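Letter by letter, the chains look like this.
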Amino acid sequence: MYRRFGENEAAGTSPLYERVAVALSESEEALRAVEAAPARSRHPAVILAALQDLALAGRAPALAAAYAASDGDAAAGAAIDTLLRTTDAVVAAAVRRPPRPTETGRCAVLYPAVAEAARRVGASPIGLIDVGCSAGLNLSVDRVGITYSNGQSLGAPSSPVQMSCSIVGNRPVPARAVPEVVARVGVDLDPIDVTDRDDARWLRACVPPDQPDRIARLDAEMALAATAPPLLLRGDVVEVLPDAFARVPADALPVVTTTWALSRLPPEGRLRFLHRLDDAAAGRPVAWVSAEGVGVAPAIPTLGDRRASGHSIIGLAVFDGSALHAEAVGRSWSRGRMLAWLAGEPQP
């Protein structure tokens with residue numbers, strides 16, 4: 001598993017992790033140390049994040065120095081040494097926290113869909129509820145600047161967080177702005193508080209140390225989120241949803257967002273999620289914006305696309321009393337780096 005991770009998953013994206021993972025695979029002592037962790041916590045991504053967490057915390061200076069120097073051989077030796085010397089600490093970190101998705105740029109696909117949801121309902125203001133939020137970075141969707149490859153720009157041009165996205169096809173994204181956001185609520189089984197030093201460090205630890213651009217984007221997004229920290233609700237995402245809706249003022253449209261989060265729920269859990277949205281709409285309209293794999297988001301059309309097709313469907317659903325209006329408004333590739341907007345008429 002460690003050799004495969006290094007030679008297949010890390011190769012081409014993180015030379016440091018490629019070298020370290022292969023070195024771990026070749027060390028019987030290191031593999032025995034990894035076996036001290038429960039089976040679910042032995043994945044290379046988890047153990048490497050736990051080692052990086054120790055390095056960032058100043059508890060593995062040799063490993064930190066090797067990473068800073070981008071010295072693969074030194075990093076491999078230091079990683080094995082750190083794992084053997086601090087097995088208990090590495091295992092504790094791996095067990096305590098799951099690896100976190102740290103992909104940035106999701107706001108580029110969320111922004112036009114959230115604005116479109118508000119337009120369709122005729123709503124202003126709105127309250128954002130991000131399900132499976134991790135650190136709640138999506139909840140800053142209205143506070144980032146976005147530039148699309150067709151020359152369009154949305155959001156805040158002076159924001160310290162600037163994103164870019166390639167447009168596929170000849171339909172531009174809607175030019176309207178996201179209305180005033182009066183509530184930001186994150187729902188997650190184990191949310192990360194970006195204002196907490198240990199939480200923020202773990203999120204950084206989930207990014208390979210030789211990907212400075214990703215680290216810089218993550219740091220900028222965490223700093224922006226920290227200036228207006230969202231309310232984080234911990235627990236089963238389906239069970240916690242009613243509490244999340246209660247935190248959105250009565251005069252605001254609740255807009256629920258999910259980005260590659262529903263795949264972590266079993267099919268029956270996804271249907272329960274849909275029912276929660278329907279229940280909440282008994283008293284006021286509710287919108288749901290999703291970016292999920294083909295066929296993952298219940299009620300969202302698949303456009304005839306095949307599952308595991310390599311792209312995702314951007315869905316927009318509006319629940320209004322007993323009525324549900326669900327549409328696929330776009331396709332996305334590379335977790336938000338490419339977007340084909342489908343709603344509206346194509347441009348000549």
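Check the entry above for the structure.
The rules we used
Residues numbered from 1 in each chain as written. Predicted model: local features only at pLDDT ≥ 70, side-chain atom pairs only at ≥ 80, totals over all residues. Heavy atoms only, no water. Axes fitted to C-alpha atoms, helices over the stretch in contact; angles between N-to-C directions. Helix = DSSP H or I, 4+ residues; strand = E, 2+ residues; numbered from the N terminus. Parallel < 35°, antiparallel > 145°, perpendicular 65-115°, else oblique. Left-handed = near helix turned anticlockwise from the far one by under 90°. Contact = heavy atoms within 4.5 Å. Nonpolar A, V, L, I, M, F, W, Y, C, P; charged D, E, K, R; others polar. Salt bridge = Lys/Arg side-chain N within 4 Å of Asp/Glu carboxyl O. Buried < 20%, exposed > 50% of the residue type's maximum accessible area, 1.4 Å probe, protein only. Arc of directions from axis to C-beta. Core = buried A, V, L, I, M, F, W, Y, C linked by side-chain atoms within 4.5 Å. Polar contact = N/O pair within 3.5 Å; in protein donor to acceptor, adjacent residues only side chain to side chain. Pairing = 2+ DSSP bridges.

Trainee: Which residues make up the packing of helix H9 (residues 197-205) against helix H10 (residues 212-227), and what are the values?
Mentor: The interhelical angle for the contact between H9 and H10, taken along N-to-C directions, is 155 degrees, at an axis separation of 10 Å. It follows from the interaxial angle that H9 and H10 lie roughly antiparallel. For the pair H9 and H10, the crossing hand works out as right-handed. Listed contacts from H10 to Ala 200, Leu 203 and Arg 204 of H9 are Leu 218, Asp 219 and Met 222. Considering only residue class, the contact of H9 with H10 consists of 4 nonpolar, no polar and 2 charged.

Trainee: Quick one: what's the story with the pattern of salt bridges, residue by residue and with numbers?
Mentor: Scanning the entire structure with this criterion turns up 18 salt bridges. The shortest N-O distance in the salt bridge between Glu 7 and Arg 3 comes to 2.9 Å. Taken together, the residues span about one helical turn, with Glu 7 and Arg 3 both in helix H1 (residues 2-10) at a distance of 4 residues. Classification of Glu 7 as partly exposed rests on a relative accessible area of 42%.

Trainee: Before we move on, can you summarise H1 with the specific residues and values?
Mentor: Buried residues of H1: Tyr 2, Phe 5, Gly 6 and Ala 10, and no others. Projection of H1 onto a plane perpendicular to its axis shows the buried side chains occupying an angular sector of 95 degrees, all on one side. The exposed residues of H1 that point more than 90 degrees off its buried face are Arg 4 and Asn 8. In this structure, the buried residues of H1 make contact with helix H2 (15-25), helix H3 (28-34) and helix H4 (44-56). Among the residues trailing H1, Gly 12 stands out with phi positive, at a value near 90 degrees.

Trainee: Kindly report on the nonpolar core, identifying the contributing residues and their values.
Mentor: Within soluble globular proteins, side chains that are nonpolar generally end up buried alongside one another. The biggest cluster of nonpolar side chains holds 46 residues, and the ones touching the most others in it are Leu 24, Leu 51, Leu 63, Leu 83 and Trp 202. The element best represented in this core is H4, accounting for 8 residues. Once residues lying within four places of it in the same chain are set aside, the contact partners of Trp 202 are Val 46, Ala 49, Ala 50, Asp 53, Ala 93, Arg 97, Pro 98, Arg 100 and Ile 192. Core analysis: the next-biggest nonpolar cluster, separate from the first, contains 39 residues, Val 178, Ile 314, Trp 341 and Ala 343 among them.

Trainee: Just give me the short version of the environment of Arg 276, but keep the residues and values in it.
Mentor: Here Arg 276 lies in helix H12 (residues 267-280). For Arg 276 and Gly 132, which are 144 residues apart along the polypeptide, the C-alpha to C-alpha distance reads 15 Å. Beyond its immediate chain neighbours, meaning those up to four positions away, Arg 276 contacts Val 238, Glu 239, Leu 241, Pro 242 and Phe 245. Looking at Arg 276, its side chain comes within polar contact range of the side chain of Glu 239, at 2.9 Å.

Trainee: Describe unusual backbone geometry, listing the residues and the values that go with them.
Mentor: Cis peptide bonds are those with omega within 30 degrees of zero, and the linkage from Ser 124 to Pro 125 qualifies with 10 degrees. Tracing the backbone through its elements, the reader meets Pro 125 in the loop between helix H8 (107-121) and strand S1 (126-131). Phi at Trp 260 takes a positive value of approximately 50 degrees, unusual for a residue other than glycine. Residue placement: Trp 260 occurs in the loop between strand S7 (253-259) and H12. Despite not being glycine, Ala 299 has its phi angle at roughly 80 degrees, a positive value. Its place among the elements puts Ala 299 in the loop between strand S8 (286-293) and strand S9 (312-320). Ala 299 gets classed as partly exposed once you look at its relative accessible area, which sits at 42%.

Trainee: Describe in detail the pairing of strand S4 (residues 162-167), supporting the description with residues and values.
Mentor: Of the two faces of S4, only one is covered, namely that formed by Met 163, Cys 165 and Ile 167; the face formed by Gln 162, Ser 164 and Ser 166 stays uncovered. Direction of pairing for strand S2 (residues 145-148) relative to S4: parallel, over a ladder of 4 bridges. Note on S4: the bridge partner recorded for Gly 145 is Gln 162. The sheet contact formed by S4 and strand S11 (residues 338-341) spans 2 bridges and is parallel.

Trainee: Please provide a residue-by-residue account of helix H5 (residues 61-68), values included.
Mentor: All of the buried residues along H5 are Leu 63, Ala 66 and Tyr 67. Taken end-on, H5 shows its buried residues confined to a sector of 100 degrees, consistent with a single buried face. Among the exposed residues of H5, those pointing more than 90 degrees away from its buried face are Pro 61, Ala 62 and Ala 68. Packed against the buried residues of H5 are H2, H4 and helix H6 (72-85). Downstream of H5 by a residue or two, Ser 70 has a phi angle that is positive, lying close to 55 degrees.

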